[in-house]
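Here's the letter readout for the chains.
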Amino acid sequence: MSAPTSSTVAGSSGPTGPGRRDLPGSAYLAAARGERPGHLPVWFMRQAGRSLPEYRRVRQGTGMLESCLTPDLACEITLQPVRRYGVDAAVLFSDIVVPLKVAGVGVEIVAGTGPVIESPVRSAADVAALPRLDPEAVAPVADAVRLLVGELGDTPLIGFAGAPFTLASYLVEGGPSRNHERTKALMHAEPDTWHALLDRLADLALTFLRAQIDAGVDAVQLFDSWAGALSERDYRALVMPHSAKVLAGLADAGVPRTHFGVGTGELLTAMGEAGADVVGVDWRVPLDEATRRVGPDRALQGNLDPAVLFAGPDVVEREVRRIVDEGRAAPGHVVNLGHGVLPETDPDALARVVDLVHALPVG
Ligand code: CP3
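Bear in mind that the values here come from a model prediction, so they are computed numbers and not experimental data. (Residues numbered from 1 in each chain as written. Predicted model: local features only at pLDDT ≥ 70, side-chain atom pairs only at ≥ 80, totals over all residues. Heavy atoms only, no water.)

Let's shift gears to the environment of Leu69. Topologically, Leu69 is positioned in the loop between helix H3 (64–68) and helix H4 (71–85). The exposure class assigned to Leu69 is partly exposed, which follows from its relative accessible area of 24%. Linking Leu69 and Ala27, residues 42 residues apart in sequence, is a C-alpha distance of 30 Å. Excluding residues that lie within four positions of it along the chain, Leu69 makes contacts with Val98, Lys101, Val102, Pro140 and Val141. (Helix = DSSP H or I, 4+ residues; strand = E, 2+ residues; numbered from the N terminus. Buried < 20%, exposed > 50% of the residue type's maximum accessible area, 1.4 Å probe, protein only. Contact = heavy atoms within 4.5 Å.)

The structure is reproduced here in structure tokens:
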């Protein structure tokens, strides 16, 4: 791996800042802008990680958060799926709890469970005691981004953060949750505390994304993975303003912003209105219907069911063709899964999806 020079990227995040790479040939960036590039772009949420043998090899003996905070390791893991599949974008190997960790919140990632919070946040005093994120603390992630920009050539790099609601769910529940009952109790019973918490988490996400943009990422994705647990009414009143603050705070950066959640069919209109250029769609809503809900001003990303990758090549091909056909209704289409790659997925099944998508007419 060659060491990039410090002149590869600069500290400015303005649209014409000296550090922003110009990638005019990127199919991903074109589709995210709502254009129809020469071939359809494809990448996979969770493409860097658990399903790859080369990932399991380099991770041996290193904890998940330690891996995220070791720049050359995070860089190597991010590059692995780009080398193997020839996907149209890299996604930074990190986790949505990384900014909490570097801000000083007690959080660990427990194998087989997910993120676990040492002291759950359940009162106004807990919210007030949450540490703020110093951009300097994000240095290991920014360093990984700078290494990647030097290695990726013409492949764009997607940075990301967890949206305020999804982060709040981990903080309030103390870990992964099926029903989000403590989170929903707090948002309804103590709305002032709730809004104070989400405002803090919006600032955290904004600082984390700004640091990634300053270091050179070409696009960002805001993961509100668990927002689908909410009614549209509650989403609009209690969550959307905070996600909108994050997305609006990046408007001047000149990078496409994708907004994604699972089970968000009823929220697609609102998630687009929150300020996304691209709305990520899970497999439950076909893309032609999704574009009706999201409107003509935004591109779509999705939406192959990750479980379909276990059904054999013929089924996968049929489903990919259907999704690409339905995606023609949208102004731009970034092909992806409807959620992350499942751990047992055969990497060859993903390789076949990439080859097929690249061979299909853009339409
Ligand atoms: O699973 C792996 O690929 C190994 C590395 C790993 C990640 N997160 C990478 C990651 C591990 C062990 C985690 C822990 C974690 N964090 C879990 C449990 C995962 C598991 O099944 O073991 C969970 C649920 C989280 C919280 C989290 N992280 C959420 C809700 C999201 C948003 C995306 C989603 O899946 O809904 C993340 C982001 C995340 N974690 C990415 C990666 C590589 C995002 C970038 C991408 O899509 O590639």
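Resuming the write-up.
With that out of the way, let us pick up the side chain of Thr62. Along the chain, Thr62 turns up in the loop between helix H2 (53–59) and H3. Looking at Thr62, the relative accessible area reads 18%, which means it is buried.

On to the packing of helix H9 (residues 181–189) against helix H10 (residues 191–215). Relative orientation of the contacting elements H9 and H10 amounts to 115°, with a least axis distance of 5 Å. The pairing of H9 with H10 is recorded here as roughly perpendicular in orientation. Each of Thr183, Leu186, Met187, His188 and Ala189 in H9 lies in contact with H10, whose residues at this interface are Pro191, Thr193, Trp194 and Leu197. In the contact of H9 with H10, the residues fall into six nonpolar, three polar and no charged. (Axes fitted to C-alpha atoms, helices over the stretch in contact; angles between N-to-C directions. Parallel < 35°, antiparallel > 145°, perpendicular 65-115°, else oblique. Nonpolar A, V, L, I, M, F, W, Y, C, P; charged D, E, K, R; others polar.)

Take the sheet that holds strand E9 (residues 333–337) next. Strand order in the open sheet formed by seven strands is E1-E4-E5-E6-E7-E8-E9, and the pairing between neighbours is parallel. In this open sheet, the two strands that pair with only one neighbour each are strand E1 (90–91) and E9. Bridging between strand E8 (residues 299–304) and E9 involves five bridges; their strand directions are parallel. When the sheet's bridge partners are listed, Leu300 is paired in E9 with His333. Strands in contact with H10 are strand E4 (157–162) and strand E5 (219–223); relative to E4, the strand with the most contacts, it is inclined by about 170°. (Pairing = 2+ DSSP bridges.)

Applying the stated criterion to the full structure yields five aromatic pairs. Each ring, one from Phe223 and one from Phe260, has its centre 6.0 Å from the other, and the planes form 85°; the classification is edge-to-face. Placement of Phe223 in strand E5 and of Phe260 in strand E6 (residues 257–260) is noted, with a sequence separation of 37 residues between them. One exposure class covers both Phe223 and Phe260, and it is buried. An aromatic cluster is present here, built from Phe160, Phe223 and Phe260 joined pairwise through their rings. (Phe/Tyr/Trp six-rings, centres within 6.5 Å; stacked < 30°, edge-to-face > 60°.)

For the rest of this paragraph, the subject is the site of the ligand. Close to the ligand lie 21 residues; Arg46, Arg50, Asp95, Ser225 and His339 are nearest. One of the side-chain nitrogen or oxygen atoms of Arg50 is found 2.6 Å away from an oxygen atom of the ligand. In the environment of the ligand, an oxygen atom lies 2.5 Å from a nitrogen or oxygen atom belonging to the side chain of Ser225. More than half of the atoms of the ligand fall within 2 Å of the grid points belonging to the largest pocket. Looking at the shell around the ligand residue by residue, the classes come out as 13 nonpolar, five polar and three charged. (Near = heavy atom within 4 Å. Polar contact = N/O pair within 3.5 Å; in protein donor to acceptor, adjacent residues only side chain to side chain. 1 Å grid on protein atoms, 1.4 Å probe; cavity = no way out; pocket = protein on both sides within 12 Å on 5 of 7 lines; lining within 4 Å. Sits in = over half its atoms within 2 Å of the grid points.)

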